[in-house]
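# Coordinate analysis (summary)
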Amino acid sequence: MSIPYAYLKNEEIPSRRPHSQELEVVNNEHGELNRKSSIFLPHLQGSEKTFFNLVSEGDIHAVQEFLSRLQTFNLNCTNFQGVSALHLAVQKNNEVMVDFLLSKKNMDVHDCALHATRNNQPKILSLILDRLKDKNPEFEFLPCVDSPEFPDNITPLMLAAQCGHYEIIHLLLERNHKINLPHRPHCFCPHECLTCNNLCYIDQN
């Protein structure tokens, strides 16, 4: 049975952890109280909003013209949900736009391979995997460890199997993707257990 706070001593009253969106009160140099937000969410600037709108509309020529005028534009800008222009192109199932964006040297693929897998888009997935392979032959087999939507250890093949996308499963198997055998529950090799590409020898006896 819990004891009401009224009967607890001051030092026994549990402290409540402030919510991440609560406002923090601070003093400024004039001794006045200001309110300061405890979290900061990224938001799109004017040119970034224009870029997102052009990609969302699928106007490839307008996107090309936009980027030709802004040579130093950040292609990997994201909104507050972590969605990039490449994410938008994948969501719209626009193969031409995806191919164009992937042709840009600094384009970050991030977790778009997983999105294409979940959306059952084998052609777009192939484009993304080819881009990863061009960067490093091992990259296309690795999971995305900082995805806001998918677990750190999930790979396209795992996700395709969960979703029942047989065409994508066949595609990935032809590209030599595989699901590695897990370590035993009592395995004590933390470095290898946290690395998805390392296999542990499992005694079948």
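Residues numbered from 1 in each chain as written. Predicted model: local features only at pLDDT ≥ 70, side-chain atom pairs only at ≥ 80, totals over all residues. Heavy atoms only, no water.

### Observations concerning helix α7 (residues 156–163)
The line we're drawing: Only protein chains enter the accessibility calculation, which uses a 1.4 Å probe; a residue whose area is less than 20% of its type maximum is buried, one above 50% is exposed, and one in between is partly exposed. Numbering of helices and strands runs from the N terminus; a helix is a DSSP stretch of H or I covering at least four residues, while a strand is a stretch of E covering at least two. Our arc is simply the arc of the directions from the helix axis toward the C-beta atoms. Contact between two residues is taken to exist if any of their heavy atoms lie within 4.5 Å; hydrogens are not considered.
Pro156, Leu157, Leu159 and Ala160 are the residues of α7 that are buried. Projected down its long axis, α7 shows its buried positions confined to an angular sector of 160 degrees, all on one face. Packed against the buried residues of α7 are α5 (112–118) and α8 (166–174).

### Details of the pattern of salt bridges
What counts, and what does not: The term salt bridge refers to a side-chain nitrogen of Lys or Arg lying within 4 Å of a carboxyl oxygen of Asp or Glu.
Using the criterion set out here, one finds 3 salt bridges in the structure. Salt-bridge contacts for Asp130 lead to Arg175; the nearest nitrogen and oxygen are separated by 3.0 Å. With Asp130 in helix α6 (residues 122–135) and Arg175 in the loop between α8 and α9 (190–193), the pair connects residues that are 45 residues apart, well separated along the chain. According to the relative accessible area criterion, Arg175 is buried, its value standing at 18%. The salt bridge involving Glu140 is made with Arg175; its shortest N-O contact spans 3.0 Å.

### A few points about the nonpolar core
So the rule is basically this: Definition of nonpolar core: a set of buried residues of the types Ala, Val, Leu, Ile, Met, Phe, Trp, Tyr and Cys, connected through side-chain atoms within 4.5 Å. Note that domain bounds follow an automatic or database assignment of domains.
The biggest cluster of nonpolar side chains holds 40 residues, and the ones touching the most others in it are Phe51, Val55, Leu101 and Ile128. Secondary structure elements with two or more residues in this core: α1 (46–57), α2 (60–69), α3 (85–91), α4 (95–102), α5, α6, α7 and α8. Here this core gathers at least three residues from each of two domains, domain 1 (44–92) and domain 2 (109–204). If sequence neighbours within four positions are ignored, Leu101 has contacts with Phe51, Val55, Ala85, Leu86, Ala89, Met107 and Arg131. Residues Leu114, Cys144, Phe150 and Leu159 belong to the second largest nonpolar core, which totals 5 residues.

### Overview of the UniProt feature "repeat: ANK" (unreviewed entry) in the protein
Rules: UniProt positions are given in the numbering used here, feature names are shortened, and annotations may be inferred rather than shown by experiment.
Summarizing the sequence annotation, UniProt attributes the feature "repeat: ANK" (unreviewed entry) to residues 152–184 in the numbering used throughout. Here residues 152–184 is 52% helix and 0% strand, with 19 Å between the C-alpha atoms at its ends.

### Quick notes on the side chain of Thr117
Within the secondary structure, Thr117 sits in helix α5. When its relative accessible area of 0% is taken as the criterion, Thr117 is described as buried. Not counting the four nearest positions on each side in its chain, Thr117 is found in contact with Leu125, Pro156, Leu159, Ala160, His165 and Ile168.

### Observations concerning the environment of Met107
Residue position: Met107 is located in the loop between α4 and α5. The exposure class assigned to Met107 is buried, which follows from its relative accessible area of 0%. Dropping the residues within four chain positions of it, Met107 is found in contact with Leu75, Asn76, Leu86, Leu101, Leu102, Arg131 and Lys135.

### A word on α1
Applied cut-off: Working rule for helices: expected span equals 1.5 Å times residues minus one.
Its 12 residues give α1 an end-to-end C-alpha distance of 17 Å, which sits within 8% of 16 Å, the value for a rise of 1.5 Å per residue. Of the residues making up α1, those classed as buried are Glu48, Phe51, Phe52, Leu54 and Val55. One side of α1 holds all its buried residues, which, seen down the axis, span an arc of 165 degrees. More than 90 degrees from the buried face of α1, the exposed residues found are Gly46 and Glu57. Taken together, the buried residues of α1 touch α2, α3 and α4. Directly after α1, the chain includes Gly58, whose backbone phi takes a positive value near 80 degrees.

### Some points on the packing of aromatic side chains
To be explicit about the condition: Two rings belonging to Phe, Tyr or Trp (six-membered ring only in the last case) form a pair when the distance between their centres is within 6.5 Å. Interplanar angles under 30 degrees mark stacking, angles over 60 mark edge-to-face geometry, and anything in between is tilted.
Counting across every chain of the model gives 4 aromatic pairs. Seen in terms of ring centroids, Phe51 and Phe52 are 6.5 Å apart; in terms of plane orientation they differ by 70 degrees. Their pairing is edge-to-face. Phe52 matches Phe51 in its accessibility class, with the two residues each being buried. Residues Phe66 and Phe73 carry aromatic rings whose centres are separated by 5.1 Å and whose planes lie at 85 degrees to one another, so their mutual orientation is edge-to-face. For the pair formed by Phe66 and Phe73, the shared burial category is buried.

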